[in-house]
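Structure at a glance
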Amino acid sequence: MNDKLALPVGTTLDRFIMRKQEAFPYATGELSQLLRDIALAAKIVNREINRAGLLDVTGAYGQQNVQGEDQQKLDVIANIRFIRALRNGGEVCTIISEEEDDIIQTGNIGGKYIVAIDPLDGSSNIDVNVSIGTIFSIYRRVSEQGADGTMEDCLQKGVRQVAAGYVIYGSSTMMVYTTGHGVNGFTYDPSLGEFFLSHPNITSPETGSTYSINEGSFNSFPEGVKQYVNYCKESGYSARYIGSLVADFHRNLLKGGIYIYPATAKAPNGKLRLMYECNALAFIVEQAGGKATNGYQRIMEMQPTELHQRCPLIIGSTEMVDKVEEYLKSEVEVG
Ligand SMILES: O=P(O)(O)OC[C@H]1O[C@](O)(COP(=O)(O)O)[C@@H](O)[C@@H]1O
Ligand SMILES: [Mg+2]
Ligand SMILES: [Mg+2]
C-alpha cells in the first residue's frame, strides 16, 4: 500500500474515504458516497440493536424469508434501514437482500452500483446479547445506466466486487471494509456519532490455532472435514464458535484461525449464501492475506446462478484453509 496514503489511527471514516478517493484521479465520488450511506445506516441499526431490550423489537417477526427461516424483528428493521439508506443515497440501482425474495429496484436508474446485503447476520444470537453483524458486497452494474438493474448485473462473480465489508455490533461496533486496496477497520464512537480508524491495514496471520465449526453436525460432515476437525483436536487447537459468521470471521481475521461451514446432511450445499455472505468475506480475507474456498474452488471464482444460492465456506488463515483442502482432495482421490 502507498505509505503516502497511510492515515493515522483516529482518522474519521469520512476523511479516510475522501483521502483514498483522491488517490484515484478518475474516481467520481459515487462509491465514496455509497460507503458513507452504508455507514449511516449502520449507525441507526446499531442504535436499534443497543436498545432492543427496551423496545418491542426482540423476538420473531412472524414471517419467514425466502430461505424458510423465521425472520427476527431486527432482521426486518435492519433490512428496512439499509434499503432506505441505499435508495435515498441515489448511487445504487438494485439491491439483493437476504430478507427479500426478489431483487429490489430502488428507482435510481442512473445509479452505477448493485449492493448485495445480509442486513443482520447471526440472527440466532439477536435476543441473547451476543455479537451480530451486517455483511455487504458492492458491484458496478454491467448494463447501461438509465434503466433498472438486471439479473446479469446481480449475478456477478465475487472477483467483480468493487468493495465489500461488514459491520460487527459487539462489545464495540466496528465497520471493516476493502475496495481492493487493503482492509481497514473503524470503531464507532456513539458519543460523537463517528467511525474512527482503529485497525489500519489489517493483515491476517498465515496460520492460527483456533477453529470455528458447528460440531453438532459432525456426523454428517464430509470425511475430509471430519479428518481436519480431528487434526485440530490432536494439535491442541481451541474450538471457538459464536454462531454469528461475522463475529467468528472477525476474530479469526485478527488473531488467525479458520471458520468452516461445510455441506451437511441438513444443508447439502452448506448454509451460507454466496452473494451476501461468502463473496464479501472472501474479498476481505484475500485482501488481508488469507484464503476462502468451498473446499475445491476459490469462492470469488464461483459463477452465481441464483440470488440466494448457498455454498460450503472454508475461510481464514491460508495455511489452515490449505490443510482442509488437502484432506478434501485426498478424500476424493481415495473415493
Ligand atoms: O446455527 P448454525 O447452523 O451453526 O448456523 C450459524 C450460522 O448461520 C448464520 O446465522 C447465518 O446467517 P443469518 O443469521 O444472516 O441467517 C451465520 O451467522 C452463522 O455462522
Ligand atoms: Mg448471515
Ligand atoms: Mg441475516
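Residues numbered from 1 in each chain as written. Chains lettered and ligands numbered in written order. Predicted model: local features only at pLDDT ≥ 70, side-chain atom pairs only at ≥ 80, totals over all residues. Heavy atoms only, no water.

Quick word on unusual backbone geometry
Selection criterion: Each helix is a run of DSSP H or I of at least 4 residues and each strand a run of E of at least 2, with the numbering of both proceeding from the N terminus. Classification of residues uses two cut-offs on accessible area relative to the type maximum, computed with a 1.4 Å probe and protein chains only: under 20% is buried, over 50% is exposed, and between them is partly exposed.
Even without a glycine there, the phi angle at Asn129 is positive, about 60°. As for its position among the elements, Asn129 is in the loop between β5 (113-121) and β6 (132-140). Positive phi values are uncommon outside glycine, yet Asn201 reaches one of about 45°. Its place among the elements puts Asn201 in the loop between β10 (194-199) and β11 (210-212). Among the residues examined, Asn201 registers a relative accessible area of 35% and is labelled partly exposed.

Thoughts on the pattern of salt bridges
The cut-off we apply is this: By convention in these notes, a salt bridge is any Lys or Arg side-chain nitrogen within 4 Å of a carboxyl oxygen on Asp or Glu.
Following the criterion strictly, the structure yields 15 salt bridges and no others. Here Arg81 ties to Glu48 by a salt bridge, and the two come within 3.1 Å at their closest N and O atoms. Placement of Arg81 in helix α3 (residues 73-89) and of Glu48 in helix α2 (residues 30-50) is noted, with a sequence separation of 33 residues between them. Through salt bridges that share partners, Glu69, Glu98, Arg273 and Glu277 make up one connected network.

Notes on the UniProt feature "domain: Fructose-1-6-bisphosphatase class 1 C-terminal" (unreviewed entry) in the protein chain
Put simply, the rule is: UniProt positions are given in the numbering used here, feature names are shortened, and annotations may be inferred rather than shown by experiment.
With numbering matched to this structure, UniProt assigns "domain: Fructose-1-6-bisphosphatase class 1 C-terminal" (unreviewed entry) to residues 205-328. Helix makes up 39% of residues 205-328 and strand makes up 13%, while its end C-alpha atoms are separated by 23 Å.

Quick look at the coordination of the magnesium ion (ligand 2)
What counts here: The donor definition counts N, O and S atoms within 2.8 Å of each metal and applies 3.2 Å to Na, K and Ca; water is not among these atoms, so some sites may look incomplete.
Taken together, the protein ligands of the magnesium ion (ligand 2) are Asp118 (OD), Asp121 (OD) and Glu277 (OE), with distances of 1.9 to 2.1 Å. Sequence spacing among the residues donating to the magnesium ion (ligand 2) works out to D-x2-D-x155-E. Between the two metals, the magnesium ion (ligand 2) and the magnesium ion (ligand 3), the spacing is 3.7 Å, and Asp118 donates to both. In this pair, Asp121 is assigned in strand β5 and Glu277 in helix α7 (residues 274-287), connecting sequence segments 156 residues apart. Judged by relative accessible area, Asp121 falls into the buried class, the value being 4%.

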